[in-house]
Structure formats: C-alpha cells, structure tokens
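The lines below spell out each chain.
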Amino acid sequence: MVQRKSKPDQRRIKSTKVTIDGIEFASKTEAKYYCYLKRQREAGNITDIQVQPKFVLQPKCERFGRKYLPITYIADFMVTHPDGRQVVIDVKGYSMEDATLKRKMFAFKYPGLQLIWVAQSQKYSQTGWMDYDELQKTRRAVKRSKATAEKENRMSKNLWEAR
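The shown structure was predicted, so the numbers you read here are calculated from the model rather than taken from an experiment.

The rules behind the values
- Residues numbered from 1 in each chain as written.
- Predicted model: local features only at pLDDT ≥ 70, side-chain atom pairs only at ≥ 80, totals over all residues.
- Heavy atoms only, no water.
- Core = buried A, V, L, I, M, F, W, Y, C linked by side-chain atoms within 4.5 Å.
- Buried < 20%, exposed > 50% of the residue type's maximum accessible area, 1.4 Å probe, protein only.
- Helix = DSSP H or I, 4+ residues; strand = E, 2+ residues; numbered from the N terminus.
- Contact = heavy atoms within 4.5 Å.
- pLDDT = per-residue confidence, 0-100.
- Pairing = 2+ DSSP bridges.
- Axes fitted to C-alpha atoms, helices over the stretch in contact; angles between N-to-C directions.
- Salt bridge = Lys/Arg side-chain N within 4 Å of Asp/Glu carboxyl O.

A.B. asks: So what's going on with the nonpolar core? Which residues, and what values?
C.D. replies: Within soluble globular proteins, side chains that are nonpolar generally end up buried alongside one another. If you look at the biggest cluster of nonpolar residues, it comprises 17 residues, and the most contacted ones within it are Tyr 33, Leu 37, Ile 49, Phe 77, Val 79 and Ile 89. Residue assignment for this core shows that the elements contributing at least two residues are β1 (18-20), α1 (28-42), β8 (77-80) and β9 (86-91). In terms of residue count, α1 provides more of this core than any other element does, 5 residues in total. Those residues in contact with Tyr 33 that lie beyond four places of it in its chain are Phe 77, Ile 89, Val 91, Val 118 and Trp 129.

A.B. asks: Lay out the confidence of the model for the protein chain in plain terms, naming residues and giving numbers.
C.D. replies: A low pLDDT means the predicted coordinates there should not be read in detail. Summarising the model, the protein chain shows a mean pLDDT of 83, and 82% of its residues fall at 70 or more. A low-confidence stretch, residues 1-10 (pLDDT under 50), is modelled with 2 contacts involving residues beyond four sequence positions or located in other chains.

A.B. asks: Report on the sheet that holds strand β10 (residues 114-120), specifying residues and quantitative values.
C.D. replies: Within the open sheet, the 5 strands sit side by side as β3-β8-β9-β10-β11. Their pairing is mixed. Each edge of the sheet is formed by a strand with only one pairing partner; in this case those strands are β3 (48-51) and β11 (129-131). Adjacent strand axes in the sheet meet at a mean angle of 30 degrees, parallel and antiparallel pairs treated alike. For β3 and β8, the ladder comprises 4 bridges, and the chain directions are antiparallel. Bridging across to β8, Asp 48 finds its partner in Thr 80.

A.B. asks: For the pairing of β9, give the residues involved together with the corresponding values.
C.D. replies: Of all 6 residues in β9, 5 are buried; the element is thus mostly enclosed. Two strands pair when backbone bridges link them, and β8 and β9 are joined in this way by 4 bridges, in the antiparallel orientation. In the sheet register, Met 78 faces β9, and the bridge partner there is Val 88. The hairpin formed by β8 and β9 contains 5 residues between the paired strands, and Gly 84 there has a positive phi angle of roughly 95 degrees. Note: β9 against β10, 5 bridges, orientation parallel.

A.B. asks: Can you lay out the environment of Val 79 for me, pointing to particular residues and giving the numbers?
C.D. replies: Looking at the secondary structure, you find Val 79 in strand β8. Here Val 79 falls in the buried class, since its relative accessible area comes to 2%. When the C-alpha positions of Val 79 and Ile 46 are compared, they lie 6.7 Å apart, and in sequence the two are 33 residues distant.

A.B. asks: I'd like a description of the pattern of salt bridges, backed by residues and values.
C.D. replies: Enumeration over the complete set of coordinates arrives at 5 salt bridges. Where Arg 85 meets Asp 83, a salt bridge forms, and the shortest distance between an N and an O atom there is 3.8 Å. In this structure, the salt-bridge partner of Glu 134 is Lys 137, at a minimum N-O distance of 3.6 Å. Of this pair, Glu 134 and Lys 137 both sit in helix α3 (residues 132-162), 3 residues apart, which is roughly one turn of the helix. On the accessibility criterion, Glu 134 (39% relative accessible area) is partly exposed.

Here's what the structure looks like:
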C-alpha cells in the first residue's frame, strides 16, 4: 500500500495580523486600506468608516430535526459617502471559493448595498487600489499579450532561420 503525503491546506491564508487605532486587522493589506480610507475621510470623499460589519446571509434554521447555524458574512469595511450611499468593501489578495459564494448570496440578500472587492496594485492603479475583478482582467490581458508577442517572436525567428 502506497501512502501519499496529504496536500497542505490550500484554504489557509498566511497573513500577519496588524493593529491600528485599537482595531485588529487580519492582514497588512487590510490595515493599509484602512489608512487609505482614513485619508479619504479626511479629504471629505467619505463620511464614515465601519470596520468588519457583519451581515446575515441566511438565518439559523431547523429542518427534519437538524439545526443549522446562520451563514454570516463579515466584510472588511462599510463606508458612507457624503450623499448617504453606503458601499461594502472587502480587501482581497485572491478569491477563494467560499468568498465567491458569499458574494453571490450577499448580492441576493442585500440588493440595495453595493459590495466591491478591492486589491492592492501599484502596477496598474494610480491610487494603489483597484477593483479586484478589473485587476484580474488586466492581468489576464497582459499575460495574453505577452504570450502573443512571444509566439510572434518565435515565428519570426523561425522564418529567419529557415532562410
């Protein structure tokens, strides 16, 4: 019988907890974004910052004698703009399956609230922060264009060698 080594838990996110203003953040990136939001508030672009707001996506229930706990979603921030509009923000390094599912459940349960995922990007953003989905699209486009350029270079090189 062959024993296989178990794969490391890929769901585990290795990040360093950081405390700012007495608030503990799960990562340095979240803490940096909090500082960015504070600057936005000082500039008057937002009026309020709530840290780690909790949303119930599905209440607790009982079915066929089995009890189920509620499904909750704890976002990183909720900001209020001067016009009263509220936006829920989650800082992402990368997306995990459960986060994608909870994002869809949030959209269904809270249609009046906008949920955005942001990611840090010094390369593609002037502010250092970018919509997570846009960043992924940009990275894929850059990767495709590099692959196309490499393919064209190989083809060109092969043509020169064939002469």
